[in-house]
Amino acid sequence: MVEKLMNVKDLKVRFKTEDGHVSTVNGVTFNVNEGETLAIVGESGSGKSVTSLALMGILPPNGEVYEGEMTFNGKNLRTLSKKDYRALRGNEISMIFQEPMTALNPVFTIGYQIRETLIVHYKMTKEQANIRGIEMLELVGIPDAEKVMGRFPHQLSGGMRQRVMIAIALSCNPRLLIADEPTTALDVTIQAQILTLMRNLKEKSNTSIMIITHDLGVVAELADRVIVMYAGEVVEEASVFELFKNPKHPYTKGLMASIPKVHDVVDDLYSIEGTVPNPTNMPSGCKFHPRCPLADVECKRIHPDLEYVSEGHAKRCIKV
Amino acid sequence: MTSTIERTAIAENRNYGKRLGKLGKRLLKSKTGLVGLSIVLVVSLMAIFAPFIAMYDPAKTDVVHRLLPPFWAEGGNMDYPLGTDNLGRDVLSRIIYGSRISLLVGISSVILAGIIGMFFGLIAGYYGKIWDFIIMRTVDSFLAIPNILFMLIILAVLGPSLTTLILVLGGTSWVVYARMVRSETLSVKERDYVRSAKAIGAKDFRIITKYILPNVISSFIVIATLNVATTIIMEASLSFLGLGIQSPDVSWGLMLSDGRQYVATSWWVATFPGIAITVTVLGVIFLGDWLRDILDPKIKD
Amino acid sequence: MIQLNEELSTEEKVIIEVQNLKKHFDMTKGFVKKTTTKVRAVDGLNFKVYEGETLGIVGESGCGKSTTGQLILGLLDATEGHIYFKDKDIAGMSQEELRKARRDLQVIFQDPYSSLNPRMTVEELIGEPLVVHGLARGQALRDEVMQLMKLVGLGEHQLKRFPHEFSGGQRQRIGIARALALKPQVIVCDEAVSALDVSIQAQILNLLKKLQREMGLTYIFIAHGLPAVRHISDRIGVMYLGRMVELADRNEIFERPLHPYTHALLDSVPIPDPLFRKEHQLIEGEIPNPSNPPSGCHFHPRCPYATDLCKQSDPDYLEVFPNHFVACHYLLSDKNTNILPEVMKTRKDK
């Protein structure tokens, strides 16, 4: 029996705007098991990033979790005090972001920023933290780690900065690493380096990874299990092999068909018509029905539940 | 065909109507904006209709009733609600008339400065190179001279009058706009949409007027409203120093200056014009803040 | 495998020819003591674009692909070299000549959020090129705009809207309509689909293909996303630090890449299928700073096959197979001559 590290049940997040509340995550349920890599895939507006911010307790001031459960390692995250949440972040849960330049503080050296987390969470002395920091930088494949400790973020390339972010995130041996589009801003040869690094790190440690991405290529490279999100809901959940071999939901299928393949050229790509619905104006019934090739009257009316079709494989669709 | 045009026309109207409605809603939501707008409206109406509102000729002296206190104080009466000054002139009437010159000086010198500054800022920012160098060094030299000293010298040489006051205030404060417009232009110039205008073969004049100007104007208007406030204060200071408005014309600054020597004995002579300046300036600042919010093109639908 | 593309082997009409194109930027640092460094953004490009084809240009950041696009559009002045567009040199044109040439030469930008003037309505945006060149006005202008909107899949009720009221994909459609308004012959697509969601990307790629079929357009498709480039291009050029390292027919590039960098680039693309999960043939190191490129072959510090020769001298950019150009010493070294055809061997002997 695998341990469930993070458990999210029926999570709903809304934002306060001028025109009242807008709900962008509408009842998301999933879990992250000990030692596994879970990928959350979706396009912009799917609510995948908001979900991760909610888990980290760092939603913007106008956003709030208004329903659902979030438990991490048995702790209820919704009732956690601010102080306890802070202790959890950067210690048991860490996060890396898409653009490492904005996530690193430009006025402090890399060394300072790595040491800070260690000193705060582990009460290390400056010397101990320094040694550990250099170890971490070496672990993520940074040459001349000692020198890099003295540099400022802008003196490093994008790939190097992302390595530094990973080093900082991993320096406290977190049990869960949340990576929000960690390679999207990187060049493709550098992306390959970072993906390989993440895979190797996962093999070495028992850290669970939750990776948020729009890139099915990244999913296929890294994930053990995948959830596909659309318009603030999970529309499909499966193991990575099952999902790619046997996608059920028309959205998942459409998404896969619309990626140009490097090794297989077709004349016209399959494309999902229309655009992602606006959270202020969600379609009735199944939220995908206006874009769905299978949709009929039923789909307009019925909002389907997430049903299991086989072990570990669930879909939210009445037509398949 | 007609149906298409009609339909687009209807859509057009609905669209603008919707936008106007949105603006109104936003104004009602922003309390400071509402306060600012009301103050500015009241002061403007006061200036426009001064002869109908004021009870007395602001220059009419009445030695018998000199230095009367406001009506609620002992010895005051409702004939002179805010009292009279050392020559027996009605303070309230003078404040009402004074709003004319204060607003006129404030607004026209800002418009003057704005036009000059906008023009040079756009040229410096868009064409760069030698133009930028010449214009910006001129701006720097203006900034290096203390403003008030510069104005004093010019006013002393040319002699104080309403026109020179406006010219001097406008002629010294344009540098602020030039700098602001230049830096905004520099950043707007690099946007893709300006590149796209070049790519379709648009000429410089079109790019500047249709692409750069509309996209720098909102910051410009905000600075301009704030500067109306500064200019009203500046006019007051110059009049206070005796180089601004001269009697028998009246402005709030002049009243402040006249009332200075009676502060200890007859506080109302200087206090009420002071309050008028403060309230108006606050109103203009609130309005400017609100304008900044609504001038953002992304009024969400 | 060695099979020529039928279309290319026949006489094709060259529409753009780039010769020894260079663009160097001066970067000045410091205020009192100025130091100037030259960034060689584009450093000697030679290629041709044939009428009606799509030439893809790929590369990572700093490779100069976007600069190349802007040079071809005349949005930047070339430091050296020529860009012949139907026998006229864009690099030597006056502003007025360029303005006229833009009727035939258009661009679609990457970011549909920043490439549309936020203060203009859709009607103004799409109609503007026609107004600027004095081609239509009044009702004729509106009709033309409506037709363009229909062509790219926008509805006429959207005529009076502002760009921020649209989603990314729809904005890109507006951008395309604006580019098409002048009925150009060549369109430079500068990362035209990179900022879009996957499902929207497919819509736009299909639209671009459809328009090419219907209007006989020539595309120069600049992008960093290899799958999209492969999907849309007939030929693909790979750039690295300001130079073209390889250029060939698209299938040729993907099935028989010759340059080690092309190899690495193709291998780095994650394949959306977990069954293909593999160890990447990682290339070490970072992309060097273009203001201080390595000596000789720019790729040598990251290249697994680099030799002393690669450090010392620039490899020539040669047509090693018909229509397959590559710039690499390693390929031309003695031990690799077996993969090169007879033509090359004789040329190498010279």
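Note that the structure is predicted; figures quoted are calculated from it, not measured.

Q: Got a minute to help me understand unusual backbone geometry in this structure?
A: Excluding glycine, residues mostly carry a negative phi; peptide bonds, for their part, are mostly trans. Phi angles above zero are rare outside glycine, and A:A231 is one such case at about 50 degrees. Of note, A:A231 is situated in the loop between β9 (225–230) and β10 (233–239). The backbone phi angle of C:N20 is positive, close to 45 degrees, even though this residue is not glycine. Residue placement: C:N20 occurs in strand β1 (residues 14–29).

Q: Could you clarify how one ought to interpret the interface of chain C and chain B in this entry?
A: Accessible area lost when the parts come together is the quantity often used to give the size of an interface. Across the boundary between the two partners, chain C contributes 35 residues, which contact 30 residues of chain B. For the pair chain C and chain B, the two sides together bury roughly 2900 Å², of which 54% comes from carbon and sulfur. Three residues stand out in chain C for area buried against chain B, namely C:R119, C:K160 and C:H164, and they jointly supply 21% of the buried area on that side. Viewed at the interface, chain B and chain C are joined by two salt bridges. Among the salt bridges present, the one from B:K210 reaches C:E124, with a minimum N-O distance of 3.6 Å. At the surface where chain C touches chain B, the tally comes to twelve residue pairs in polar contact (both at pLDDT 80 or more).

Q: Looking at this structure, I do not really get the UniProt feature "domain: ABC transmembrane type-1" (unreviewed entry) in chain B. What am I missing?
A: Mapped onto the present numbering, the UniProt feature "domain: ABC transmembrane type-1" (unreviewed entry) falls on residues 99–288 of chain B. As a span, residues 99–288 of chain B carries 84% helix and 0% strand, and end to end its C-alpha atoms are 19 Å apart.

Q: When you look at the pairing of strand β3 (residues 54–58) of chain C in this model, what are you seeing that I'm missing?
A: One face of the sheet, then the other: side chains in a regular strand alternate in exactly this way. Residue and element names in this part refer to chain C. Summarising burial for β3: five of the five residues are buried, a large majority. Where burial is concerned, the two faces of β3 agree: the one with T54, G56 and V58 and the one with L55 and I57 are both buried. Bridge analysis of β3 against strand β8 (residues 218–223) gives five bridges, and the strand direction is parallel. If you follow V58 over to β8, its bridge partner there is A223.

Q: Help me understand helix α8 (residues 192–199) of chain B, please; the structure alone is not making it clear to me.
A: Counting along an α-helix, one turn takes 3.6 residues, and residues three or four places apart therefore face a common direction. All names here are of chain B. The buried fraction of α8 is high, at six of eight residues. Buried residues of α8: D192, Y193, V194, S196, A197 and A199, and no others. Phi turns positive one or two residues past the end of α8, at G201, with a value near 90 degrees.

Q: Would you mind going over the domain arrangement of chain A with me for this structure?
A: All names here are of chain A. Its domain assignment divides chain A into domain 1 (4–92 + 172–315) and domain 2 (100–171). The C-alpha centroid of domain 2 is placed 29 Å from the C-alpha centroid of domain 1. Taken residue by residue, the interface counts 18 residues in domain 1 and 15 residues in domain 2. Regarding the contact of domain 1 and domain 2, the summed buried area is about 1400 Å², with carbon and sulfur atoms giving 66% of it. A per-residue breakdown of the area domain 1 buries against domain 2 is headed by C172, L197 and L201, which together make up 37% of the total. At the boundary of domain 1 and domain 2, one finds zero salt bridges.

Parameters and conventions
- Residues numbered from 1 in each chain as written.
- Chains lettered and ligands numbered in written order.
- Predicted model: local features only at pLDDT ≥ 70, side-chain atom pairs only at ≥ 80, totals over all residues.
- Heavy atoms only, no water.
- Helix = DSSP H or I, 4+ residues; strand = E, 2+ residues; numbered from the N terminus.
- Contact = heavy atoms within 4.5 Å.
- Buried area = accessible area lost by both parts, 1.4 Å probe.
- Salt bridge = Lys/Arg side-chain N within 4 Å of Asp/Glu carboxyl O.
- Polar contact = N/O pair within 3.5 Å; in protein donor to acceptor, adjacent residues only side chain to side chain.
- UniProt positions renumbered as here; feature names shortened; annotations may be inferred.
- Buried < 20%, exposed > 50% of the residue type's maximum accessible area, 1.4 Å probe, protein only.
- Pairing = 2+ DSSP bridges.
- Domains from an automatic or database assignment.

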